Amino acid sequence: GGFGGPGASGLSGLEALLAPPRGGDPGRLPQRFKGSSFDAEACQEACMALAAAAQAGNSHHFGSLVTAIKLMMPMQSGSEQVLGPPRMDFDLTPEVLKWGEMDFQDGLEENTRLLQVCEAEFARLVVKHREGFRAPEVLVGGLDLAIAYLKNYALDKADALYIATEPHCMSRGLPWDVKWLQDCATLRCKQMRQPEAAVLLEEVAKRTPPHEATMRNLGTVYNQMRQFDKAKEYFDAAAEMMGEPEKEDLWNLGLVQKNKKNYAEAAPLLDQALEQWLQDDPTDYVTLAKLYDSVGSCYDEMGRHLEAVEKLKEAKLLYNISIGQESPLYGSACERLTKAYVHSGQYQEGMETLVEAFENIATKDAVHATPLFELLGIALEEVPLGKGVDVMMLAKLEVPIEAAVRNMHYRGLDQDANAGVLFERMARALLLCSIHQGDPQAQAESARRRNTARTLLVHAAPFVADAHMKGLADLSHITMLIDSQFQALDSQDALYRRSLSLGPGAAPAMSAAPAWPQPPPTRPSYNAPSAPAAPAAVGGFPGMAGGAAAGGAGYAPGGYAAPPAPARPTPPFPVGEGGAA
């Protein structure tokens, strides 16, 4: 029985009680006093300012306006806001997913235009349905738009949608919950948060019958986590379900063998996968670029450097044509091409591509310290600066370094020893190209870069010292590098002051000093402890187990790609553009 009555047809128990009031009488329940002085004009002004802030991309103003508008809503009790179960008269099928079905392979400008069209359509959809994400049309629109964001690596926007849609998808059950879990796992992989993705995909496996897409996705995640044997088990299971290995399986198994350094087995599998894809889908430029990237990086690791350069150049070209230079996939291709150039002795080309890769990684949503650290290591330790390559090539990293620092600070990634050792390398690169010499303009530019370097070292030093003191890693060599760089900076700044005819106690004249959310930089005072007897590990860099450098292969070319629309309406929905890492 339950409570019954109009508006509760088909419901029973508590669900019927929580349904809209019987008889459609909104005054049946007690309501809080709403006031009589709501200022509609002020609300409209705020809404107009909100639209202007959205157009200008001013997230600070936008956020405060959203809060102000929400606060203007008349007060309501919880009993007034409960709406009961959502409508269940809508089926989640592949046919209703349209935006995520788009290829987004027409270059940066056209892809961005298409994405903005999708956003506008979604906004109008939300306007039409006053229940918000409780309306299944809006909920499926949010999931659909999130896939489009994943394909374009707009990860912050995708994350916002998954946060908003999670409770609604989970409350509806199958297939909504599985769709959310699987797609959010895709996002976590692209954010280099593979352990979280594995948890989500394991939950998918619990809620659904065995499916080759789930097996491939789990294999991809564990491959990125460097659990290669476990990854191979899932890839083998997927191939067994299909009866014989498909090109996706050849690719996945080839990557497992490559990561295990079994290159004699990996290269033929990857070559075969690329050949089959060229035959079956010659216009799928993004997937082909990923395959060229996989083959090229395998060739480079096995010593076939010149062949690797050609494959990776093809990957870079296809990415540029299809998704543009702002995509992290383009940055990944540049990073791997940099290594192949340097390994083959083409140092000038390597440095030019390194700058491209660094700028791409520095500005992306899923910025991570490890690839930046590794690229700087190539520039500082593998390229013969001053012997065939002009050391001033490092000056091209000045702006990308500042962009990386700002991006990391925005995301809270600048408050540990991983940031500390990265900032030391950034400072070293800037110092090497900032010796006091040249005409007055060159001297001023060098002084500006030295000021940036000093700021980075001041920020890095206490984090490095603290991690070393606690035994997280032996960072005594980093501490010595920081000290030596402070000495070099003091010496060079003294020369600059002398050239400006300033007294020895005056501060060096700096132009366009970088903004930094700290007090003005001063040389820190600390005692570097001796190396601990048995250093533990913190994630990210040589001498520090974990992170991408020591295991998180989440920066692999194939990645955990954005899912196309499902091939059939029953879960799980296949995920991945080729499924390979």
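What you see is a predicted model, and the numbers here were worked out from it, not measured in a lab.

What counts and what doesn't
- Residues numbered from 1 in each chain as written.
- Predicted model: local features only at pLDDT ≥ 70, side-chain atom pairs only at ≥ 80, totals over all residues.
- Heavy atoms only, no water.
- Helix = DSSP H or I, 4+ residues; strand = E, 2+ residues; numbered from the N terminus.
- Buried < 20%, exposed > 50% of the residue type's maximum accessible area, 1.4 Å probe, protein only.
- Contact = heavy atoms within 4.5 Å.
- Phe/Tyr/Trp six-rings, centres within 6.5 Å; stacked < 30°, edge-to-face > 60°.
- Expected span 1.5 Å × (residues − 1).
- 1 Å grid on protein atoms, 1.4 Å probe; cavity = no way out; pocket = protein on both sides within 12 Å on 5 of 7 lines; lining within 4 Å.
- Points joined across faces, edges and corners; volume = space filled by probe spheres on them.
- Nonpolar A, V, L, I, M, F, W, Y, C, P; charged D, E, K, R; others polar.
- pLDDT = per-residue confidence, 0-100.
- Core = buried A, V, L, I, M, F, W, Y, C linked by side-chain atoms within 4.5 Å.
- Salt bridge = Lys/Arg side-chain N within 4 Å of Asp/Glu carboxyl O.
- Axes fitted to C-alpha atoms, helices over the stretch in contact; angles between N-to-C directions.
- Parallel < 35°, antiparallel > 145°, perpendicular 65-115°, else oblique.
- Left-handed = near helix turned anticlockwise from the far one by under 90°.
- Patch = residues over 30% accessible without salt bridge, like charges linked within 9 Å, V, L, I, M, F, W, Y side chains within 5 Å.
- Areas by Shrake-Rupley, 256 points an atom, 1.4 Å probe, with all protein chains shown as cover.

1. Some details on the overall build of the protein chain
Point 1. What the protein chain contains, in helices and strands, is 23 helices and 0 strands.
Point 2. A buried classification covers 49% of the 581 residues belonging to the protein chain.
Point 3. For the protein chain, long-range pairs separated by at least 24 residues make up 67% of all intrachain contacts whose partners lie at least 6 apart in sequence.

2. Here we look at the packing of aromatic side chains
Point 1. Taken as a whole and assessed by the stated rule, the structure comprises 6 aromatic pairs.
Point 2. Considering the side-chain rings of tryptophan 251 and tryptophan 277, the 5.7 Å spacing of their centres and the 80° angle between planes classify their relative orientation as edge-to-face. With a gap of 26 residues between them, tryptophan 251 in helix α12 (residues 247-259) and tryptophan 277 in helix α13 (residues 263-280) connect regions that are remote in the sequence.
Point 3. With relative accessibility at 0%, the residue tryptophan 251 sits in the buried group.
Point 4. The class of tryptophan 277 is buried, set by a relative accessible area of 3%.

3. A closer look at helix α19 (residues 398-410)
Point 1. Compared with the 18 Å implied by 1.5 Å per residue over 13 residues, the 19 Å span of α19 between its first and last C-alpha is a close match.
Point 2. Glu398, Pro400, Ile401, Ala404, Val405, Asn407 and Met408 are the residues of α19 that are buried.
Point 3. The inward-facing, buried residues of α19 contact α17 (347-363), α18 (369-382), α20 (417-432) and α21 (440-469).
Point 4. Among the residues trailing α19, glycine 412 stands out with phi positive, at a value near 70°.

4. So, the environment of methionine 426
Point 1. Along the polypeptide, methionine 426 turns up in helix α20.
Point 2. Once the C-alpha coordinates of methionine 426 and threonine 452 are considered, the two residues, 26 residues apart in sequence, prove to be 9.3 Å apart.
Point 3. Leaving out residues up to four positions away in the same chain, methionine 426 has contacts with Phe358, Leu376, Ile401, Ala404, Val405 and Leu456.

5. Digging into the environment of alanine 52
Point 1. Tracing the backbone through its elements, the reader meets alanine 52 in helix α2 (residues 40-56).
Point 2. Between the C-alpha atom of alanine 52 and that of phenylalanine 62, which follows or precedes it by 10 residues, the distance is 8.7 Å.

6. With respect to the layout of surface pockets
Picture a little ball the size of a water molecule; that probe, rolled over the atoms, points out where space is still empty.
Point 1. In this model, the largest pocket occupies a volume close to 1500 Å³.
Point 2. Lining the largest pocket we find 29 residues, and of these Leu50, Val66, Val126, Gly132 and Phe133 sit closest to its centre.
Point 3. Within the residue set of the lining of the largest pocket, elements represented by two or more residues are α3 (59-71), α4 (78-81), α5 (108-128), α6 (136-151) and α7 (155-172).
Point 4. Partitioned by chemical class, the residues of the lining of the largest pocket number 16 nonpolar, 6 polar and 7 charged.

7. Let's talk about the confidence of the model for the protein chain
Point 1. In the predicted model, the protein chain carries a mean pLDDT of 84, and 81% of its residues have values of at least 70.
Point 2. In this model, residues 503-520 is a region of pLDDT below 50 whose contacts with residues beyond four sequence positions or in other chains number 30 contacts.
Point 3. Predicted confidence for residues 526-581 stays below pLDDT 50, and this span has 195 contacts to residues more than four positions away or in other chains.

8. Topic: the nonpolar core
Point 1. Counting 135 residues, the largest nonpolar core has Tyr162, Phe358, Leu422 and Met426 as the members making the most contacts within it.
Point 2. For this core, the element with the most residues is α20, which contributes 10 residues.
Point 3. In this structure, Ala46, Leu50, Leu65 and Ile69 belong to the second largest nonpolar core, which totals 6 residues.

9. Considerations on unusual backbone geometry
Point 1. For the bond running from leucine 174 to proline 175, omega is -5°, close enough to zero to count as cis.
Point 2. Turning to its location among the elements, proline 175 is positioned in the loop between α7 and α8 (176-190).
Point 3. Of note, the phi angle at tyrosine 153 is positive, near 55°, even though the residue is not glycine.
Point 4. Accessibility expressed as a relative area gives 12% for tyrosine 153, which makes it buried.

10. What to know about the environment of leucine 475
Point 1. Along the chain, leucine 475 turns up in the loop between α21 and α22 (476-499).
Point 2. The buried category is assigned to leucine 475, whose relative accessible area is 3%.
Point 3. Leucine 475 sits 54 residues away from valine 421 along the chain, and the two C-alpha atoms are 8.6 Å apart.

11. Concerning the pattern of salt bridges
Point 1. All told, the structure shown has 32 salt bridges when counted by the stated rule.
Point 2. One salt bridge in this structure joins aspartate 229 and lysine 260, with 2.9 Å as the shortest N-O distance. With aspartate 229 in helix α11 (residues 228-242) and lysine 260 in the loop between α12 and α13, the pair connects residues that are 31 residues apart, well separated along the chain.
Point 3. In this structure, a network of salt bridges that share partners links the residues Asp159, Arg188, Arg193 and Glu196.

12. As for the packing of helix α15 (residues 305-322) against helix α16 (residues 328-343)
Point 1. Where α15 meets α16, the axes come as close as 9 Å, and the angle between the chain directions of the two elements is 160°. With respect to α16, the element α15 is oriented roughly antiparallel. The hand of the α15/α16 crossing is left-handed. Facing His305, Ala308, Val309, Leu312, Lys313, Ala315, Lys316, Tyr319 and Asn320 of α15, the residues of α16 in contact are Leu329, Tyr330, Ala333, Cys334, Arg336, Leu337, Ala340, Tyr341 and His343.

13. Concerning a nonpolar patch on the surface
Point 1. A cluster of nonpolar side chains, namely Tyr285, Leu317 and Ile321, defines an oily patch on the protein surface of about 250 Å² accessible area.
Point 2. Among the structural elements, tyrosine 285 can be located in helix α14 (residues 285-301).
Point 3. The exposure class of tyrosine 285 is partly exposed, given its relative accessible area of 30%.

14. Thoughts on α22
Point 1. With 24 residues, α22 ought to run about 34 Å at 1.5 Å a step, and its terminal C-alpha atoms sit 35 Å apart, in line with that.
Point 2. Buried-residue contacts for α22 involve α20 and α21.

15. Some details on the packing of α21 against α22
Point 1. Packing of α21 against α22 brings their axes to within 9 Å, and their N-to-C directions diverge by 155°. Judged by the angle between their axes, α21 and α22 are roughly antiparallel. Every pair of crossing elements has a handedness; the one defined by α21 and α22 is left-handed. Within the contact between the two elements, α21 uses Gln443, Ala444, Ala447, Arg450, Ala453, Arg454, Leu457, Val458, Ala461, Val464 and His468 and α22 uses Ser476, Ile478, Thr479, Ile482, Gln485, Phe486, Leu489, Asp490, Gln492, Asp493, Tyr496 and Ser499.
Point 2. Tallied by class, the residues present in the contact of α21 with α22 amount to 12 nonpolar, 7 polar and 4 charged.

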